[in-house]
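Chain and residue survey
Below, each chain spelled out in residue letters.
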Amino acid sequence: MLIAIQLLGCRAGPGSAPSTSSFSEAVGSDADTEPRLHHKGETVLGARGYYGLPILRKSLFWDGNGEVSTLGGDVFSHWFLTDSFALGAGLGGTVFQTPGDNALGAEGHASARWYPYMSKDVGVFVDGTVGYLRTTRDVPPRGTQWNYTFSFGPGIDVPICHDTHMLIGSSYHHISNALGRQSLRNPSQNEVRLWLGLEWT
């Protein structure tokens with residue numbers, strides 16, 4: 001719904017220019033309001049929603065002990081050190097669909113994003129996060145209410161207005177309390193998160 005409203009706002013445009021504007025001013029105004037990717041020194045704010053599908057077997061170096069799906073969202077900010085690389089931080093909330101009552105979680109994370117490909121109309125990026133998670137119940141079940149997290153994955157950045165971008169992506173998200181493989185209270189939750197969001201400059 002939020003994305004649909006934003007698209008309608010972009011179609012409406014910033015309004016017509018005053019009749020006293022010169023031709024050169026009008027051209028400059030159009031250039032300033034057309035969609036574009038990011039620039040060095042720019043700070044962006046964003047929000048996204050995601051759905052997580054658990055990986056029920058060993059993936060990469062980690063066992064897949066968690067069997068619960070997740071649903072949530074986060075807000076974040078990035079600062080671009082170059083046109084194609086940014087550092088940031090975010091805060092999110094997640095519903096873990098555990099047996100019985102759902103578990104609710106809050107996660108803070110630091111993040112980085114890199115664009116290996118950029119054009120006028122689209123950017124392809126890879127981003128990653130490291131964070132800390134607190135939940136209202138043990139996550140995964142038989143685990144703990146505190147965990148460390150990390151994630152990484154690809155995404156697509158589509159400028160839809162001068163100051164608004166639509167983001168689409170997926171990520172591998174790992175949750176563990178780092179107590180070690182020998183601990184009976186160290187089940188890990190690995191999942192693929194599919195997400196959709198908006199970003200504003």
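Residues numbered from 1 in each chain as written. Predicted model: local features only at pLDDT ≥ 70, side-chain atom pairs only at ≥ 80, totals over all residues. Heavy atoms only, no water.

Remarks on the overall build of the chain
For the chain, the helix and strand inventory stands at two helices and eight strands. Secondary structure elements of the chain, listed N to C terminal, follow the sequence α-α-β-β-β-β-β-β-β-β. Counting all 201 residues of the chain, 39% fall into the buried class. Look at the contacts in the chain between residues 6 or more apart in sequence, and 63% of them connect residues 24 or more apart. Just so you have it, the chain exposes about 10900 Å², and 63% of that area is on carbon and sulfur atoms. (Helix = DSSP H or I, 4+ residues; strand = E, 2+ residues; numbered from the N terminus. Buried < 20%, exposed > 50% of the residue type's maximum accessible area, 1.4 Å probe, protein only. Contact = heavy atoms within 4.5 Å. Areas by Shrake-Rupley, 256 points an atom, 1.4 Å probe, with all protein chains shown as cover.)

Observations regarding the packing of aromatic side chains
In this structure the tally under the stated criterion is seven aromatic pairs. Ring centres of phenylalanine 80 and tyrosine 115 lie 6.2 Å apart, and the angle between their planes is 40°; on these two criteria the pair is classed as tilted. Placement of phenylalanine 80 in strand S2 (residues 70-80) and of tyrosine 115 in strand S4 (residues 103-118) is noted, with a sequence separation of 35 residues between them. An identical accessibility class is assigned to phenylalanine 80 and tyrosine 115; each is buried. Taking the centre distance of 5.4 Å and the plane angle of 55° together, the rings of tyrosine 115 and phenylalanine 125 count as tilted. (Phe/Tyr/Trp six-rings, centres within 6.5 Å; stacked < 30°, edge-to-face > 60°.)

Quick notes on the pattern of salt bridges
Applying the stated criterion to the full structure yields three salt bridges. Here arginine 48 makes a salt bridge to aspartate 74, at a shortest N to O gap of 3.0 Å. Linking arginine 48 in strand S1 (residues 43-54) with aspartate 74 in strand S2, this pair joins segments that are 26 residues apart in sequence. A residue is classified by how much of its surface remains accessible, and arginine 48, at 18% relative accessible area, is buried. The salt bridge partner of glutamate 199 is arginine 113, with a shortest N-O separation of 3.0 Å. Note that glutamate 199 is positioned in strand S8 (residues 189-200) and arginine 113 in strand S4, a separation of 86 residues in sequence. Arginine 113 carries the same exposure label as glutamate 199, and that label is buried. (Salt bridge = Lys/Arg side-chain N within 4 Å of Asp/Glu carboxyl O.)

In short, shape yes, function no, at least from these values alone.
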